[in-house]
Amino acid sequence: MTDKLEKEPVADARVATGTPYEAIRAIPVRHYGRWVSAVVVVAVLGWLGYAFSQGNILWATVGDKLFDRTVVDGAWHTVVISVCSMALGLVLGVLFAVMRLSKNPVTGAVSWLYIWFFRGTPVYVQLLMWFNLSLIFPVINLMPLYKNDTVAVMTPFVAALLGLGLNEGAYMAEIVRAGIQSVDEGQTEAAHALGMTGARTMRRIVLPQAMRVIIPPTGNEFINMLKTSSLVSVVQYTELLRSTSNIGSDTTAIMELLFVASIWYLALTSVFSVGQFYLERRYARGSLRSLPLTPWQRIKANLSTVRRPKVA
Amino acid sequence: MSTQPMVKAEAVHKSFGAAHILKGVDLEVAPREVFCLIGPSGSGKSTFLRCINHLEQINAGRLSVDGELVGYREHGDRLYELRDREVAAKRRDIGMVFQRFNLFPHMTAIENVMEGPVQVKRESKAVARERAKALLDRVGLGDKGGNYPSQLSGGQQQRVAIARALAMEPKLMLFDEPTSALDPELVGDVLDVMRGLAEDGMTMIVVTHEMGFAREVGDALVFMDDGVVVESGHPRDVLGSPQHDRTKAFLSKVL
């Protein structure tokens, strides 16, 4: 890895070689507005905090139930269904994006149709349709390969996976398409000139560069997915929201358990945002002269400036 | 000349929609020759170069490289379009250097040079790396192998691009205005590398505005205008005593 940071002591070099100069000393602009707004913000936050502390909230319940076995299981299920659906969506997205951009009119039309349908109907409706598939096809019969009752196949997990994954695939297809189209045509030409086939050019040259454009909205999609997965309780899949609200209605601590759910959702989205940062950093290789610092590197850099860098 | 020409064009036409760019180009490039193409912008010289390795498909005429048609297979009196895989296979033997370098920005310089041999020729990485190092040395960038293209100057990038094309051991090199995007003081390094290639006997077709290079290194020169070859001959003659008015008018502006 070549993310060494080379900081040239520019100012020192100038002092050493150029004529001496006197730094300007001026009175900085005063930002009174900032002070006023800071006071207002603090006041509003304080008022909100006070309101919540006086509200009819059983904070002890929130603490008790945060790591309740059922809640943790629900959170785990949320992560599982989100990651699996996102993985399915990603694969489908790349596939349909490439199909959409291909010169083959058949694949282009199929891709268009897929995106049109799965993006054009609510994911809630799609989940219900997968779940109730047995109403119209009681038996799944892939003639020589496989045969089973639809009810046995369409478990809550499968229905949730298909519902969320296929829907996500339609959105990812558009994101991937935008990424592919953002790569300069000269890259394809250079790869072709080396004797690469179209498929290899896509895999080795275009997609790795498209990743830079694809990752930020994909991170967005994933965080959306973590939250949208709360819909899958409709197909009897017990994820975070379902497990907390079950407890909530049993114990009549409804708001408290919604707080518990929110804390978990915030924690999960925070963790995955950090993952996104490192992923973006990896795919920025080559396009930025120096990579953005990781928080750890930033701390180290700050410490070293406090300690004064050694002058060469 | 008794040997078969490296590139032979007969009445080559190319249009983009309604725009008729090449209007019947005839020319021959001999093996080991440095063949310069000059002309005003829009004259079709870059388009012609791109036709040679089938980045553009010609609409009429015949274009062949080393005796084989570009982009088609001839069977009886019919032409069959080549498949993606067959076109790709033919391009292996033709190196191309672009005006805007087109290095792969997500790979280091040495990875750029290794990419063709490893991915297309299925060479082992170790072998490819050794040769890539040698090629980077040859273009004077032996110490820059670990740098990403964004960390190199334009002239350095273009020399890496030349090394990348040479890594495929081509029998023909195409240069599409290789120095036009460079700062003046960086042009010399790139031209030096090209001069070295010419001395080693590489067949080169060079679209260029560097008249000095054409005169000094070129074995043959063609002046194109409005999609046709206006004048051709030895660079010394065409540049020194042009016969056609259009050639004279063009040269009076650039020399």
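Everything numeric here is computed off the predicted structure, so don't read it as measured data.

A short note on the overall build of chain B
And step 1. Secondary structure assignment for chain B yields nine helices and 12 strands.
And step 2. Here chain B has a C-alpha radius of gyration of 18 Å; the compact-globule value for 255 residues is 18 Å, and the two agree.
And step 3. Projected onto the principal axes, the alpha-carbon positions of chain B cover approximately 50 × 50 × 40 Å.
And step 4. When burial is assessed residue by residue, chain B has 55% of its 255 residues classed as buried.
And step 5. Within chain B, contacts between residues at least 6 apart in sequence are counted, and of these 63% link residues at least 24 apart.
And step 6. When the accessible surface of chain B is split by element, carbon and sulfur atoms take 45% of a total near 11200 Å².
And step 7. Separation between the mean location of the 32 positive side-chain charges and that of the 36 negative ones in chain B comes to 5 Å.

Considerations on a nonpolar patch on the surface
Residues and elements named next belong to chain A.
And step 1. On the surface, a nonpolar cluster with roughly 890 Å² of combined accessible area is contributed by Val36, Val40, Val41, Val44, Leu45, Trp47, Leu48, Phe52 and Trp59.
And step 2. Looking at the nonpolar patch element by element, the count peaks at eight residues for helix H2 (residues 32-54).
And step 3. In this fold, leucine 48 is placed in helix H2.

Things to note about the side chain of Arg164(B)
And step 1. For Arg164(B), the location among the structural elements is in helix H5 (residues 154-166).
And step 2. Of the side chains bearing the opposite charge, Glu115(B) lies closest to the buried Arg164(B), which forms no salt bridge; the N-O distance is 8.9 Å.
And step 3. Polar contacts involving the side chain of Arg164(B) include one to the main-chain carbonyl oxygen of Asn102(B), which spans 3.0 Å.
And step 4. In contact with Arg164(B), other than residues within four places in its own chain, are Ala190(A), Leu194(A), Phe101(B), Asn102(B), Leu103(B), Phe104(B), Asn112(B) and Val113(B).

Regarding helix H10 (residues 198-228) of chain A
And step 1. Counted at 1.5 Å a residue, the expected span for H10(A) with its 31 residues is 45 Å, but the 36 Å between its end C-alpha atoms falls short.
And step 2. Its axis deflected by about 45° at Ile214(A), H10(A) carries its strongest bend there, up to four residues before the proline Pro216(A).

Some remarks on the interface of chain B and chain A
Where interface size is quoted, it is often the accessible area lost as the parts come together.
And step 1. Counting from both sides, the interface comprises 29 residues of chain B and, opposite them, 25 residues of chain A.
And step 2. Roughly 2300 Å² of surface becomes buried between chain B and chain A when both sides are summed, with 51% attributable to carbon and sulfur atoms.
And step 3. Inspection of the region where chain B meets chain A yields two salt bridges.
And step 4. Between Glu189(A) and Arg50(B) there is a salt bridge, with its nearest N and O atoms 2.6 Å apart.
And step 5. No other element matches helix H2 (residues 84-91) of chain B, which puts four residues into the side of chain B that touches chain A.

Remarks on unusual backbone geometry
Residues and elements named next belong to chain B.
And step 1. For alanine 11, which is not glycine, the phi dihedral falls at a positive 45°.
And step 2. Checked against the element boundaries, alanine 11 lands in strand E1 (residues 7-16).
And step 3. On the accessibility criterion, alanine 11 (35% relative accessible area) is partly exposed.

Quick word on the pattern of salt bridges
And step 1. Under the counting rule described, the total for this entry stands at 25 salt bridges over all chains.
And step 2. Glu174(A) serves as the salt-bridge partner of Arg177(A), at 3.1 Å between the closest nitrogen and oxygen. One end of the pair is Arg177(A) and the other is Glu174(A), both in helix H8 (residues 156-182) and three residues apart, which spans about a single turn.
And step 3. By relative accessible area, which is 22% here, Arg177(A) ends up partly exposed.
And step 4. With a shortest N-O distance of 3.8 Å, Asp93(B) and Lys171(B) are connected by a salt bridge. Taken as a pair, Asp93(B) in the loop between H2 and strand E8 (94-97) and Lys171(B) in the loop between H5 and strand E9 (172-176) lie far apart in primary sequence, 78 residues in all.
And step 5. A relative accessible area of 29% places Lys171(B) in the partly exposed class.

Digging into the layout of surface pockets
And step 1. The calculated volume of the largest pocket comes to roughly 1200 Å³.
And step 2. For the largest pocket, the lining is made up of 30 residues, of which Lys103(A), Thr188(A), His192(A), Gly198(A) and Asp84(B) are closest to its centre.
And step 3. Mapped by element, the contributors of at least two residues to the lining of the largest pocket are helix H4 (69-101), H8, helix H9 (185-193) and H10 of chain A together with H2 of chain B.
And step 4. With five residues, the single largest contributor to the lining of the largest pocket is H10(A).
And step 5. Broken down by class, the residue content of the lining of the largest pocket amounts to 10 nonpolar, 10 polar and 10 charged.

With respect to the sheet that holds E8(B)
Pairing between sheet strands relies on hydrogen bonds along the backbone, with the strands arranged either parallel or antiparallel.
Residue and element names in this part refer to chain B.
And step 1. Across the sheet, six strands lie side by side as E8-E9-E10-E3-E11-E12; this open sheet has mixed pairing. This sheet does not close on itself; its edge strands, each paired only once, are E8 and strand E12 (228-233). Averaged over all neighbouring strand pairs, the angle between strand axes comes to 20°, with direction disregarded.
And step 2. The pairing of E9 with strand E10 (residues 203-207) spans five bridges and is classified as parallel. Bridge assignment links leucine 172 to a residue of E10, and that residue is threonine 203.
And step 3. This element, helix H1 (residues 45-52), spans strand E3 (34-38), E8, E9, E10 and strand E11 (220-225) of the sheet and lies at about 150° to E9.

Quick word on empty space enclosed by the protein
And step 1. All told, the structure shown has two cavities of 30 Å³ or more when counted by the stated rule.
And step 2. Taken as a whole, the largest cavity holds about 60 Å³ of empty space.
And step 3. Every residue lining the largest cavity is listed: Ala190(A), Ala193(A), Leu194(A), Arg91(B), Arg92(B), Ile94(B), Gly95(B), Met96(B), Phe98(B), Arg164(B), Ala165(B) and Met168(B).
And step 4. Listing elements by their share of the lining of the largest cavity, those giving two or more residues are H9 of chain A together with E8 and H5 of chain B.
And step 5. Broken down by element, the residue count for the lining of the largest cavity peaks at three residues, all from E8(B).
And step 6. Its residues assigned to classes, the lining of the largest cavity comprises eight nonpolar, one polar and three charged.
And step 7. Its boundaries defined by the atoms lining it, the second largest cavity holds a volume of some 40 Å³.
And step 8. The wall of the second largest cavity is formed by Ile58(B), Gly61(B), Arg62(B), Leu63(B), Leu69(B), Val70(B), Tyr72(B) and Leu79(B).
And step 9. For the lining of the second largest cavity, the element with the highest residue contribution is strand E4 (residues 60-65) of chain B, accounting for three residues.
And step 10. Here the lining of the second largest cavity is composed, by residue class, of six nonpolar, one polar and one charged.

What counts as what
Residues numbered from 1 in each chain as written. Chains lettered and ligands numbered in written order. Predicted model: local features only at pLDDT ≥ 70, side-chain atom pairs only at ≥ 80, totals over all residues. Heavy atoms only, no water. Helix = DSSP H or I, 4+ residues; strand = E, 2+ residues; numbered from the N terminus. Rg over C-alpha atoms; globule rule 2.2 N^0.38 Å. Buried < 20%, exposed > 50% of the residue type's maximum accessible area, 1.4 Å probe, protein only. Contact = heavy atoms within 4.5 Å. Areas by Shrake-Rupley, 256 points an atom, 1.4 Å probe, with all protein chains shown as cover. Lys, Arg positive; Asp, Glu negative; His and termini not counted. Charge placed at Lys NZ, Arg CZ, Asp CG, Glu CD. Patch = residues over 30% accessible without salt bridge, like charges linked within 9 Å, V, L, I, M, F, W, Y side chains within 5 Å. Salt bridge = Lys/Arg side-chain N within 4 Å of Asp/Glu carboxyl O. Polar contact = N/O pair within 3.5 Å; in protein donor to acceptor, adjacent residues only side chain to side chain. Expected span 1.5 Å × (residues − 1). Bend = angle between axes of the 7 residues up to and from the residue. Buried area = accessible area lost by both parts, 1.4 Å probe. 1 Å grid on protein atoms, 1.4 Å probe; cavity = no way out; pocket = protein on both sides within 12 Å on 5 of 7 lines; lining within 4 Å. Points joined across faces, edges and corners; volume = space filled by probe spheres on them. Nonpolar A, V, L, I, M, F, W, Y, C, P; charged D, E, K, R; others polar. Pairing = 2+ DSSP bridges. Axes fitted to C-alpha atoms, helices over the stretch in contact; angles between N-to-C directions.

Honestly, it's all geometry; don't read function into it.
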